[in-house]
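Coordinate analysis (summary)
Okay, here's what each chain looks like letter by letter:
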Amino acid sequence: MADGDGTITVEIVDAAAGIPAPSWDACAGADNPFLSHAFFHAVESSGSATAETGWFAQHLVARDPTGQIVGVVPAYLKSHSFGEYVFDHSWADAWHRAGGRYYPKLQIAIPFTPVTGRRLLVAEGPQRVTTQAALIAALAEVARRRSVSSAHVTFCTPDEAEAFAAAGWLVRQGCQYHWENHGYRSFDDFLTALSHGRRKAIRRERRDVAAQGIDIETLSGADIEPAHWDAFFDFYISTSDRKWGSPYLTRAFFHLLGDSLGD
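Residues numbered from 1 in each chain as written. Predicted model: local features only at pLDDT ≥ 70, side-chain atom pairs only at ≥ 80, totals over all residues. Heavy atoms only, no water.

Taken together, the side chains of Asp215, Glu217, Asp223 and Glu225 present a region of like negative charge at the surface. Note on placement: Glu217 falls in the loop between α7 (196-211) and α8 (226-242). Accessibility expressed as a relative area gives 66% for Glu217, which makes it exposed. (Patch = residues over 30% accessible without salt bridge, like charges linked within 9 Å, V, L, I, M, F, W, Y side chains within 5 Å. Areas by Shrake-Rupley, 256 points an atom, 1.4 Å probe, with all protein chains shown as cover. Salt bridge = Lys/Arg side-chain N within 4 Å of Asp/Glu carboxyl O. Lys, Arg positive; Asp, Glu negative; His and termini not counted. Charge placed at Lys NZ, Arg CZ, Asp CG, Glu CD. Helix = DSSP H or I, 4+ residues; strand = E, 2+ residues; numbered from the N terminus. Buried < 20%, exposed > 50% of the residue type's maximum accessible area, 1.4 Å probe, protein only.)

Set out below in structure tokens:
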């Protein structure tokens, strides 16, 4: 696929491993670890997000006339709506009742991660706007060629939403709750912003924890050993079991995080 004047070409790559990590990260930047090549490689190579689990990678890669990678879009053909943190099951049901087939759909997202961030990973430079437009057009073309019901871009940035809207995409509004530090210098500063009842409950909970003699230690990098990742995975599975859910991530995923994103 190519843009109108042929300066940007776009190809589909079916695994993050097929895209050089330095090129991906140069497009993604360093401010969001969930957009890093290491994260996508871990979630795919661990067997967590694969065609077998309903996440068939269809990443878009944009190249300039010299062949250099100047843009990446993490995209998947989805055979279900799990692991997205956006619930469109009613849409799928309506599509089915109307005689259509909702799946597969094209999902532009970070697997299992409702973290807001860029979805059009475009390197800085004079061709940034052109590359972004070429990738948006390419996504529509992929949806057409794959005969999917729809294409979804979830948890993107506001400016990206505007760019998609300008290209004719529909924008839907969602709601997320974020905690922000409004200049709190200490935990007590934060508590003063709460109602008396909530402040009292939190202080009581903290006293209860202190009374149990629980120590908290922070580990990072090489200090996080395989045994820690195994324990983390066990807690993850335990939480899923208690909530009658199905775990998305494999044990290997957590170990790969330790190897590639320990910092």
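Here the narrative resumes, following the displayed structure.
It is worth spelling out the packing of aromatic side chains at this point. Across all of its chains, the model carries 20 aromatic pairs by this definition. Plain terms: the ring middles of Trp24 and Phe40 are 5.1 Å apart, the flat faces sit at 45° to each other, and that makes the pair tilted. Placement of Trp24 in helix α1 (residues 21-28) and of Phe40 in helix α2 (residues 37-45) is noted, with a sequence separation of 16 residues between them. Side by side, Trp24 and Phe40 carry an identical accessibility label, which is buried. Between Phe253 and Phe254 the ring centres are 5.3 Å apart and the planes differ by 75°, which places this aromatic pair in the edge-to-face class. An aromatic cluster is present here, built from Trp24, Phe34, Phe39, Phe40, Trp229, Phe232, Phe233, Tyr236, Phe253 and Phe254 joined pairwise through their rings. Above the face of the Trp55 ring, Lys78 is positioned so that its terminal group lies 4.0 Å from the ring centre. (Phe/Tyr/Trp six-rings, centres within 6.5 Å; stacked < 30°, edge-to-face > 60°. Lys NZ or Arg CZ within 6 Å of the ring centre and 35° of its normal.)

As far as function goes, none of this settles anything; it's purely spatial.
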